[in-house]
Amino acid sequence: MQRLLAFIEQNVHLILFVVLQAVCGFLMFYLNPYQQATFTHGAAGLTASTNQLTTNVTQYLDLKNQNIKLQDQVADQFRSSSLAAFHFLEDTLTIRDSNRVALFDIVPVQVVYNTANKGENIFVINKGSNHGIKRNMGVISPEGVAGIVLTTSARYSSVMSLLNLNLSLTPNINGTEYYMPIKWENKGVNILRLKGINKLEEIAIGDRVKTGSSTVLFPKGIHIGTITKLTTKPSSQYFDLEINTATDFRKLNYAYVVINKDINPIESLIGNVD
Amino acid sequence: MWIRIVYWLLIVTFQVLVLNHLDFSAFVIPQIFIILLISMPLGWSKMTQVSAGFGLGILADLFVSTPGIHASACLWLVLLRIGILNTQDIKQQIASKMDYDVKSVGLNSFLYSSTILVFFYHFYIFWIQNIGSLQWSNYVLTSMISSVLAITLIWILQYLTFQHKS
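Conventions and cut-offs
- Residues numbered from 1 in each chain as written.
- Chains lettered and ligands numbered in written order.
- Predicted model: local features only at pLDDT ≥ 70, side-chain atom pairs only at ≥ 80, totals over all residues.
- Helix = DSSP H or I, 4+ residues; strand = E, 2+ residues; numbered from the N terminus.
- Buried ≥ 20, exposed ≤ 12 C-beta atoms within 10 Å, placed from the backbone.
- Contact = placed C-beta atoms within 7 Å.
- Axes fitted to C-alpha atoms, helices over the stretch in contact; angles between N-to-C directions.
- Parallel < 35°, antiparallel > 145°, perpendicular 65-115°, else oblique.
- Left-handed = near helix turned anticlockwise from the far one by under 90°.
- Nonpolar A, V, L, I, M, F, W, Y, C, P; charged D, E, K, R; others polar.
- Pairing = 2+ DSSP bridges.

Undergrad: Honestly, the overall build of chain A in this entry has me stumped. Any pointers?
TA: Along the backbone of chain A there are 5 helices and 14 strands. The buried share among the 274 residues of chain A stands at 27%. Looking at chain A alone, contacts between residues at least 24 apart form 58% of all its contacts between residues at least 6 apart.

Below, the structure is given as structure tokens:
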């Protein structure tokens, strides 16, 4: 306290200086029309800049909530849109029953854990059996296929990633079903392989690989990836395809669990699910 | 005491009646009244110096209808003067409570501090007066011309005072 008093005593002229400068500032910007106009203009600009900065920060901090809202909106759109109107997931609404009631529903989820550097990669989502999620349901990202639900707890589920040696999908390329499995062989992140495509097939680099009708876990036409490489041996009559996954698994933050609402009657008819 | 008051009145009158009406240019107005602040007695406390700066500034503002502008500049000038004087070896003069002029602190010290203070004052004044629409070339030119004129007049004034005291 004594130090403070001594400091004030020593610098009392500075305090007086600040007070008198404040008086001068008031006189300058209140009684001089030109300076007043400049001050008002400057203050308005400063206020606008501050407001803009505050808005930017607030919007940034609110991005997570906005993402969740957007996910919900996409899910609602999925449920209610017609085939033509729903471009985001392309042909996902082609599977409908005869009464035109959507066969698939989706649940927006967030990825809380994810690996892409192992042989058997999984990711964990923030919804589980409490939200109607069960084993063997398909999971898609905004870009395309992401995986299949492996196990569920009440609030979380683990999902076998497409980057898992144990997962395989049968593809549809250019409208044609192929019954050779697409597999991830741990030869690079986001790189899938498809072997044994006949050279006579009209397949080229850049063609999109989608889900076909030989699975009931995903709607038909969900993007799996894009062909990036075609290799063959001179003596062979088959192609080996390298496919870049549509989903970038290193940036996977949001996804949707696909629920086939009539999985049980369909399963009972076909006997099992792939 | 009376001599000081008359001296201050004379300088202020000269500033108000003569220098403020020079027709060189609308902007070239040498402010020589600040010599009163530059040469304030060394015995005055810092509080007194700040108060004197504010008072003289307000007085100058009254005559040119620029409320607060000269007062603000005078306050800054006093603060800068305190800083400059702290760097000079004038303990003896302070103890003797002498005025800060050529005779008491020497030509070099006075020239050094008065030049800095005069330039600072004019640059500050013209900046505040044109704030918001400053044309740099015009601003620098008028500030420089006014400062040089003011310094010349102040040095002449100091020479005359020096002769008178001698």
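Let us keep going from here.
Undergrad: Teacher, can you tell me more about the interface of chain A and chain B here?
TA: Bring the parts together and some accessible area is lost; that lost area is often taken as the interface size. On the side of chain B, 15 residues touch chain A, which itself brings 15 residues to the contact. Secondary structure elements with two or more residues in the side of chain A that touches chain B: α2 (12–31) and α3 (33–61) of chain A. For the side of chain A that touches chain B, the element with the highest residue contribution is α2 of chain A, accounting for 11 residues.

Undergrad: It is not clear to me how the environment of Asp101 of chain B should be interpreted in this structure. Could you clarify?
TA: All names here are of chain B. Relative to the elements of secondary structure, Asp101 occurs in the loop between α5 (91–95) and α6 (102–105). By C-beta crowding, Asp101 is classed as buried, having 21 other C-beta atoms within 10 Å. Residues Asp101 and Ser39 lie 62 residues apart in sequence; the distance between their C-alpha atoms is 5.6 Å. Setting aside chain neighbours within four positions, we find Asp101 in contact with Ser39, Phe110, Gln158 and Thr161.

Undergrad: Explain the packing of helix α3 (residues 46–64) of chain B against helix α4 (residues 69–86) of chain B here, please?
TA: When two helices pack together, their arrangement is given by the angle between the helix axes and by the axis-to-axis distance. Residue and element names in this part refer to chain B. Closest axis-to-axis distance for the α3/α4 pair is 7 Å, and the angle between their directions is 150°. In terms of orientation, α3 and α4 fall into the roughly antiparallel class. As α3 runs across α4, the sense of the crossing is right-handed. On α4, the residues touching Lys46, Gln49, Val50, Gly53, Phe54, Leu56, Gly57, Ile58, Ala60 and Asp61 of α3 are Ile69, His70, Ala71, Ser72, Ala73, Cys74, Leu75, Leu77, Val78 and Ile82. Residue composition of the contact of α3 with α4, grouped by class: 13 nonpolar, 5 polar and 2 charged.

Undergrad: It is not clear to me how the sheet that holds strand β7 (residues 171–173) of chain A should be interpreted in this structure. Could you clarify?
TA: The pairing of strands in a sheet comes from backbone hydrogen bonds and takes either a parallel or an antiparallel form. All names here are of chain A. Overall, antiparallel pairing links the 8 strands, which are arranged β6-β9-β10-β13-β12-β11-β7-β8 in an open sheet. At either margin of the open sheet sits one strand with a lone partner, and together these are β6 (168–169) and β8 (176–177). With 3 bridges connecting them, strand β11 (residues 208–211) and strand β12 (residues 223–231) associate as antiparallel partners. Opposite Val209, over in β12, you have Gly225 as the bridge partner.

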